[in-house]
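Here is how the chains run, residue by residue.
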Number of protein chains: 2
Amino acid sequence: MAQKPSIPKGTRDFSPVEMVRRNYIFDTIKDVFRLYGFQPIETPAMENLSTLMGKYGEEGDKLLFKILNSGDFISKAPQEVIDEKNSNKLTTHISEKGLRYDLTVPFARYVVQYRNDIVFPFKRYQIQPVWRADRPQKGRYREFYQCDVDVIGSDSLLNELELVQIIDDVFQRLQINTVVKINNRKILAGIAEAIGEADRMVDITVAIDKLDKIGLEKVNAEMLEKGISETAVEKLQPILKLEGSTAEKLEQIATVIGHTEIGAKGISEMQTLFAYLANFDLKTEVELDLTLARGLNYYTGAIFEVKSKDVQIGSICGGGRYDDLTGIFGMPDVSGVGVSFGAERIYDVLTQLNLFPHESMETTKALFINFGEKEEAYCLPVLAQLRKNNVNAEIFPESAKMKKQMNYANRKEIPFVILAGEEEMAAQKFTLKNMETGEQQLVSAEELIKALS
Amino acid sequence: MAQKPSIPKGTRDFSPVEMVRRNYIFDTIKDVFRLYGFQPIETPAMENLSTLMGKYGEEGDKLLFKILNSGDFISKAPQEVIDEKNSNKLTTHISEKGLRYDLTVPFARYVVQYRNDIVFPFKRYQIQPVWRADRPQKGRYREFYQCDVDVIGSDSLLNELELVQIIDDVFQRLQINTVVKINNRKILAGIAEAIGEADRMVDITVAIDKLDKIGLEKVNAEMLEKGISETAVEKLQPILKLEGSTAEKLEQIATVIGHTEIGAKGISEMQTLFAYLANFDLKTEVELDLTLARGLNYYTGAIFEVKSKDVQIGSICGGGRYDDLTGIFGMPDVSGVGVSFGAERIYDVLTQLNLFPHESMETTKALFINFGEKEEAYCLPVLAQLRKNNVNAEIFPESAKMKKQMNYANRKEIPFVILAGEEEMAAQKFTLKNMETGEQQLVSAEELIKALS
């Protein structure tokens, strides 16, 4: 009968300690989102497969978790499909729903579905888990949270500014030193056009994206291998090696791509954004990084990536401007821009730098030791008073051995313990013990409440 | 290409307005849970089917959402099972995981899995969605949140007291008038034994549970139909018709079942709990209700159900004491007690009684109207100052028509609008408009920040 309990690979349970830390991250992020006028939405864990399929490429389709239809699903599948034993084909007959793979596609679906009720520009944030049937490995899970913030229905670059301010504010609150790298897809398109490979922008950006990881030589080799002409790769070199201030970089790049319409537009957008940014005293570094491309092909303007300066880890936040996310659901020409915070990596950074706050509003502040029926009755009204004063407090539910009760307080990291035995009761007092210093005080009920409130 | 977007039946999207209201409920509940020393945990959406199957009865097994195995699942199913076309049998070969059906079984699994790391008594709360392939109908969804709070590893009745205090505190904060109905499964077992039908307790309690809904006559008929003897049903009548104060009820019932060991134990437990309760000034009504049985068979002691006094709706909170929840996972004899708050019904009650708070910390407090480039530059530093003072504020991202911008403020229910055009700029002032009263004030930046902070 008894089973050895376990959970599916790639999934996690979160203990109280982990929950408090995760909530610290989520609450910080949410507070900042609200400060900038963003509002929360939530979408269902399950979406129709018709909504999800074909949105993440062939590989993505495979990584979707699919829900088996309820009831007698197999009798509804055509016999010839069953006989064929082709899992992909059979899936479409026995499964109609899947778990969401990200928050972007459900958000696009949401915007189109409620387009008549939504007030545009729509500033929304969404913090929910997503599921991917990826091979689990260190730091990669099959269930993980995404924290997305987007403005949709406005092409003003003020939105890009505000996203950088949000990034700055979040990481300042979390005390993580960061650098925000910014680029613009229009500049990349301009480069592709200027070097005579306009229709190869995707290949070029995918290669450029790897510059940090594999180096200039291998990037060049990869481009040649993909059929980019030698002349084009040659023309690209000065751009890959650009250095200097942001203004300098933009000026240099303008001399190469300023004659292309899209390149000029991209440079102008970046000039506007960096001019905006210059007016604010940001704690984060902000830099133009022409090697930044980001894999996702729906980006059309500014793109962002945030790195921790003190921990070697992938980007902890990223995103960009997209001009046609909702087109696939029948609502074209709606521009949006957004970023996604990587809660799992932020957790790892905070852990490595020991930056989680020591005290938390979420944990118990004081424990009454339970010495027995009479003592319990003496303590309960004061416990109720403490809670009326919004002090998280508890009493050990039975008069167990002192050692067990103190161990409970220690393990739960409760900072204060309150003892009331014969002596304290006779004197109408309580002993308040500071668990960190070991210091004890004999106090009245009023003093106790005052000390802990 | 374009699809008409929709979501699976029985699931819901939550708009910003709904999210703010739902968060109000969840935050209120969480605050109270923490006040009583409870800590959060979370478990994965997916559990192994071996964890879930057989825990909710045959009907429950059918209502589990099952996840299709990834990859070439069908080639791993035995040919004879495929040929048989029996969906139930086939499921075990093509699906290994399911979505959680409630929070109780995952919690039991969690307790057993981490038994060596957990500090007992373990006071945990868990607020997460669950999924059931039920037929959707008004007020019944395929995805909905449960809010569970449990103490496990302590059989002290102090825990029952604290749960009632938590219920009282939560509904007092939400301003919902409630009555908490309490019964004890041991009393029900004592009754079954005393009327000579000890092994029919389940049938008797299931029938009694319906007393409120179908009336005494039909309950009697149902018991006879189920083979409970006429003598037994006769003996049961005085108990079904009991009236008076709690102490009176307990005394009367003691005369009938006090001679049974389990009945005496149940009465003693209720006397202790009601004696505890008498010491506290609760706002909720609390009553012993012998007709309360609750369907779930794992309850072994106190059982609770909470009703709204002002809205006709099912119970908005319920739970009880269980003595062997973890037994099925190989950890016997661990007693626990807990209740679950029905967030969806609480939402309906608050809506019907118009009790959601009008103002929320979560929404934007002030919007700067955007009159153009110069005006925007004049406003941005003050906007940043407001945010530094923790005021949720935004600027319309482009200089759209005044009507459009005011409409945005209205639809988003932003209470203050800030206007700064030529005149204000010349005077180094801002016009602060109260959107509810229409009142306008000309103020300096400092006065503006002070007025909104």
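Residues numbered from 1 in each chain as written. Chains lettered and ligands numbered in written order. Predicted model: local features only at pLDDT ≥ 70, side-chain atom pairs only at ≥ 80, totals over all residues. Heavy atoms only, no water.

1. Some words on the sheet that holds strand β9 (residues 299-308) of chain A
Residues and elements named next belong to chain A.
Here comes step 1: Spatial ordering of the open sheet is given by β1-β5-β6-β11-β10-β9-β7-β8, a layout of eight strands whose pairing is mixed. Each edge of the open sheet is held by one strand with a lone partner, namely β1 (39-40) and β8 (285-288).
Here comes step 2: Strand direction decides the pairing type here: strand β7 (residues 178-184) and β8, joined by four bridges, are parallel. Within β8, the position partnered with I182 by the bridge is L288.
Here comes step 3: Across the face of the sheet, helix α7 (residues 158-173) comes into contact with β5 (122-131), β6 (143-152), β7, β8, β9, β10 (317-322) and β11 (336-341) while running at roughly 15° to β11. (Pairing = 2+ DSSP bridges. Helix = DSSP H or I, 4+ residues; strand = E, 2+ residues; numbered from the N terminus. Contact = heavy atoms within 4.5 Å. Axes fitted to C-alpha atoms, helices over the stretch in contact; angles between N-to-C directions.)

2. Points about the sheet that holds strand β12 (residues 366-368) of chain B
Residue and element names in this part refer to chain B.
Here comes step 1: Pairing is mixed across the open sheet formed by five strands, whose spatial order is β13-β12-β14-β15-β16. What marks the edges here is a single partner per strand, and that holds for β13 (393-395) and β16 (440-443). Between one strand axis and the next, the sheet turns by 25° as a mean value, whatever way the strands run.
Here comes step 2: Taken strand by strand, helix α15 (residues 373-388) contacts β12, β13, β14 (416-419) and β15 (430-434), and its axis lies near 165° from that of β13.

3. With respect to the environment of L419(A)
Residues and elements named next belong to chain A.
Here comes step 1: By the element assignment, L419 lies in strand β14 (residues 416-419).
Here comes step 2: Look at L419 and you get buried, because its relative accessible area is 10%.
Here comes step 3: Distance from L419 to K433, taken between C-alpha atoms, is 7.8 Å for residues 14 residues apart in sequence.
Here comes step 4: When residues no more than four places from it in sequence are discounted, the contact partners of L419 are I369, F371, M402, E424, F430, T431 and K433. (Buried < 20%, exposed > 50% of the residue type's maximum accessible area, 1.4 Å probe, protein only.)

4. Notes on the relation of the copies chain A and chain B
Here comes step 1: Of the transformation superimposing chain A on chain B, the axial component is 0.0 Å and the angular component is 180°, with the fit at an RMSD of 0.1 Å. The superposition of one copy onto the other is thereby described by a two-fold rotation axis. Considering only C-alpha atoms, the residue of chain A closest to the rotation axis is I67(A), which sits at 2.3 Å.
Here comes step 2: The share of interface residues of chain A whose copies in chain B are also at the interface is 100%, consistent with both copies meeting through the same surface. (Least-squares fit on C-alpha atoms with pLDDT ≥ 70 in both.)

5. Some points on the pairing of β10(A)
Put simply, side chains in a regular strand alternate between the two faces of the sheet.
Residue and element names in this part refer to chain A.
Here comes step 1: Across the six residues that make up β10, a large majority, six, are buried.
Here comes step 2: The sheet contact formed by β9 and β10 spans five bridges and is antiparallel. Of the residues in β10, the one forming a bridge with E305 is G318.

6. As for the packing of aromatic side chains
Here comes step 1: Taken as a whole and assessed by the stated rule, the structure comprises 30 aromatic pairs over all chains.
Here comes step 2: Between Y110(A) and F122(A), the ring centres sit 6.2 Å apart and the planes meet at 10°, which makes this aromatic pair stacked. Here Y110(A) is found in helix α6 (residues 104-113), whereas its partner F122(A) is found in strand β5, with twelve residues between them in sequence.
Here comes step 3: Take Y110(A): its relative accessible area is 4%, and that puts it in the buried class.
Here comes step 4: Ring geometry for F396(A) against Y408(A): centres 5.2 Å apart, planes inclined by 90°, an arrangement best described as edge-to-face. One end of the pair, F396(A), is in the loop between β13 (393-395) and α16 (402-411); the other, Y408(A), is in helix α16, and twelve residues separate them in sequence.
Here comes step 5: Above the face of the Y101(A) ring, R132(A) is positioned so that its terminal group lies 4.1 Å from the ring centre.
Here comes step 6: In this structure, R12(B) is placed above the aromatic ring of Y141(B), and the distance from its NZ or CZ to the ring centre is 3.4 Å. (Phe/Tyr/Trp six-rings, centres within 6.5 Å; stacked < 30°, edge-to-face > 60°. Lys NZ or Arg CZ within 6 Å of the ring centre and 35° of its normal.)

7. What about the environment of S70(A)?
Here comes step 1: Inspection of the secondary structure puts S70(A) in the loop between β3 (66-68) and α4 (79-84).
Here comes step 2: In the structure, S70(A) is positioned 151 residues away from A221(A) in sequence and 52 Å away in space, judged by C-alpha atoms.

8. Considering the interface of chain A and chain B
Here comes step 1: With 110 residues of chain A in contact, the opposing surface of chain B contributes 110 residues.
Here comes step 2: A buried area of about 9100 Å², summed over both sides, lies between chain A and chain B, and 58% of it is on carbon and sulfur atoms.
Here comes step 3: Taken together, the connections running from chain A to chain B amount to six salt bridges.
Here comes step 4: Taken together, the links from chain A to chain B amount to 40 residue pairs in polar contact (both at pLDDT 80 or more).
Here comes step 5: If one sorts the elements of the side of chain A that touches chain B by residue count, α7(A) sits on top with six residues.
Here comes step 6: Partitioning the side of chain A that touches chain B into residue classes produces 53 nonpolar, 32 polar and 25 charged. (Buried area = accessible area lost by both parts, 1.4 Å probe. Salt bridge = Lys/Arg side-chain N within 4 Å of Asp/Glu carboxyl O. Polar contact = N/O pair within 3.5 Å; in protein donor to acceptor, adjacent residues only side chain to side chain. Nonpolar A, V, L, I, M, F, W, Y, C, P; charged D, E, K, R; others polar.)

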